[in-house]
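Take a look at the letters that make up each chain.
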Amino acid sequence: QVQLVESGGGLVQAGGSLRLSCVASGSLLPFNSMGWYRRTPGKERELVAEMDISGHRTTGDSVLGRSTISRDTNAVFLEIHSLELSDTGVYYCQRREGLSPPYWGQGIQVTVSS
């Protein structure tokens, strides 16, 4: 069983930046991808950014040009710059292994204030 530990959220200022970290542990199999999704008020869950096993990055339209996704062994890191009020929401780490259903973190709150 896989556990995902998320950190780095909280209250941040509009125009500033944040860094979210996710570390996977447990009975790990070779992963297919790791990344971050988010749910903002009134919207369905959406991709923020992720990396697959080859290092390919996929970034959601909402953070294009102002985000960076990176990866270390069994960990993924997300940086968002020029934060906007619309970035407020709950961010979830995701890990995919083989053909199994994805693993999800508990979610971490990010609140952007003016």
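Up top is the structure these notes are about.
Note that the structure is predicted; figures quoted are calculated from it, not measured.

### Digging into the sheet that holds strand E1 (residues 2-7)
Point 1. Judged by pairing direction, the sheet is antiparallel, and its four strands sit side by side in the order E1-E3-E8-E7 without closing on themselves. Of all strands in the sheet, those with a lone pairing partner are E1 and strand E7 (67-72), marking the two edges. Put simply, the sheet's adjacent strands are angled 15° from each other on average, direction ignored.
Point 2. Here six bridges tie strand E3 (residues 18-26) to strand E8 (residues 75-80), and the two strands are oriented antiparallel to one another. Its bridge partner being in E8, valine 23 is matched across the sheet by alanine 75.

### A few points about the packing of aromatic side chains
Point 1. The full count for this structure, using the stated rule, is one aromatic pair.
Point 2. Ring centres of tyrosine 37 and tryptophan 104 lie 5.3 Å apart, and the angle between their planes is 70°; this geometry places the pair in the edge-to-face category. Residue tyrosine 37 is found in strand E4 (residues 31-39), and its partner tryptophan 104 is found in strand E10 (residues 103-104); the two are separated by 67 residues along the sequence.
Point 3. A relative accessible area of 14% means that tyrosine 37 is categorised as buried.
Point 4. For tryptophan 104, a relative accessible area of 28% puts it in the partly exposed group.

Thresholds, definitions, all that
Residues numbered from 1 in each chain as written. Predicted model: local features only at pLDDT ≥ 70, side-chain atom pairs only at ≥ 80, totals over all residues. Heavy atoms only, no water. Pairing = 2+ DSSP bridges. Helix = DSSP H or I, 4+ residues; strand = E, 2+ residues; numbered from the N terminus. Axes fitted to C-alpha atoms, helices over the stretch in contact; angles between N-to-C directions. Phe/Tyr/Trp six-rings, centres within 6.5 Å; stacked < 30°, edge-to-face > 60°. Buried < 20%, exposed > 50% of the residue type's maximum accessible area, 1.4 Å probe, protein only.

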